[in-house]
Amino acid sequence: MHRHVLFIALGLAVAPAISRSAPPESSLTVTAAWTRATPPGTRTGAGYLTIENRGPEDRLLSAESPRAGRVEIHGMSNTGGVMKMWPIKDGLVVPKGGQLSLAPGGTHLMLLELDRPIALGEKLPMVLRFEKAGVVEIELQVMPLGSKGPGSQPASRPGAAIR
Ligand SMILES: [Cu+2]
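So, a few notes on the structure that sits alongside this text. Everything quoted here is computed from the prediction, not taken from an experiment.

Attention now moves to the coordination of the copper ion. Only His74 (ND1), Met85 (SD), His108 (NE2) and Met110 (SD) from the protein coordinate the copper ion, and they sit 2.1 to 2.3 Å from it. Geometry at the copper ion is tetrahedral, judged from the four donor atoms that bind it and their angles of 93 to 118° at the metal. One chain supplies every donor to the copper ion, and in sequence these donors are spaced H-x10-M-x22-H-x1-M. The exposure class of Met110 is buried, given its relative accessible area of 10%.

Further remarks concern the pairing of strand 3 (residues 58-64). In the sheet, strand 3 pairs with strand 6 (residues 92-94) via three bridges, with the strands oriented antiparallel. Residue pairing across strands places Asp58 opposite Val94, the latter belonging to strand 6. As paired strands, strand 3 and strand 9 (residues 123-130) are joined by four bridges and run antiparallel to one another. For Ala63, the partnering residue across the bridge sits in strand 9 and is Leu128.

Let's shift gears to the pairing of strand 10 (residues 134-143). Among the 10 residues of strand 10, seven are classified as buried, and the element is accordingly described as predominantly covered. The pairing of strand 1 (residues 28-36) with strand 10 spans three bridges and is classified as parallel. The residue of strand 10 that forms the bridge with Arg36 is Met143. Inspection of the sheet shows strand 9 paired to strand 10 by eight bridges, in the antiparallel sense. In the sheet register, Phe130 faces strand 10, and the bridge partner there is Gly134. Hairpin connection from strand 9 to strand 10: three residues lie between these consecutive antiparallel strands.

To continue, consider the environment of Asn53. Here Asn53 is to be found in strand 2 (residues 45-53). Residues Asn53 and Ser26 lie 27 residues apart in sequence; the distance between their C-alpha atoms is 8.9 Å. In this structure, Asn53 is in contact with Ser27, Leu28, Asp58, Val94, Pro95, Lys96, Gly97 and Gly98, ignoring residues within four places of it in sequence. Among the polar contacts listed, one links the side chain of Asn53 to the backbone oxygen of Pro56, at a separation of 2.9 Å.

Approximately 210 Å³ is the volume attributed to the largest pocket. Considering the residues around the largest pocket, the lining is formed by 15 residues, among which Arg36, Gly45, Ala46, Tyr48 and Met110 are closest to the centre. Contributions of two or more residues to the lining of the largest pocket are made by strand 1, strand 2 and strand 8 (108-114). If you tally residues by element for the lining of the largest pocket, the top one is strand 2, at three residues. Each residue belonging to the lining of the largest pocket can be placed in one class, and the counts come to eight nonpolar, six polar and one charged.

Basis of the calculations
Residues numbered from 1 in each chain as written. Predicted model: local features only at pLDDT ≥ 70, side-chain atom pairs only at ≥ 80, totals over all residues. Heavy atoms only, no water. Donors = N, O, S within 2.8 Å, 3.2 Å for Na, K, Ca; no water. Tetrahedral: all angles 85-135°; square planar, octahedral: opposite > 155°, others 65-115°. Buried < 20%, exposed > 50% of the residue type's maximum accessible area, 1.4 Å probe, protein only. Pairing = 2+ DSSP bridges. Helix = DSSP H or I, 4+ residues; strand = E, 2+ residues; numbered from the N terminus. Contact = heavy atoms within 4.5 Å. Polar contact = N/O pair within 3.5 Å; in protein donor to acceptor, adjacent residues only side chain to side chain. 1 Å grid on protein atoms, 1.4 Å probe; cavity = no way out; pocket = protein on both sides within 12 Å on 5 of 7 lines; lining within 4 Å. Points joined across faces, edges and corners; volume = space filled by probe spheres on them. Nonpolar A, V, L, I, M, F, W, Y, C, P; charged D, E, K, R; others polar.

This is the structure:
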């Protein structure tokens, strides 16, 4: 009984120290984060975004969303009208001082096992996990079915929601 209380107290004491050690400003900015509304009955969707990097090389390791059972990073090719998608397991490099773009027809975030269709007007929460920058929380703007994407709009402020 007393041991349990001690462990809980330690946990509370350690948590703030960890968040303080995180960089106060991230070098990553996510812009133009969006997805498309999906028709009723659809369990999959695709997310697109641009990551601008003012710092050293980083790597997008994975993504998740409370709205999807899982999110995979997918590569895509279209050769002679044959469309192929495949999971990219070891993540994507965000080049030093450069940017990484996930866009229709290419690399995308595949949302699988959606709990319900994606509706126009909602903002789809997404968590991105980076090798160096850690966790970045963003929201995907929902565009109409068939949309080619929004203009460049910040999805996260530098340093915001970084843990
Ligand atoms: Cu895909």
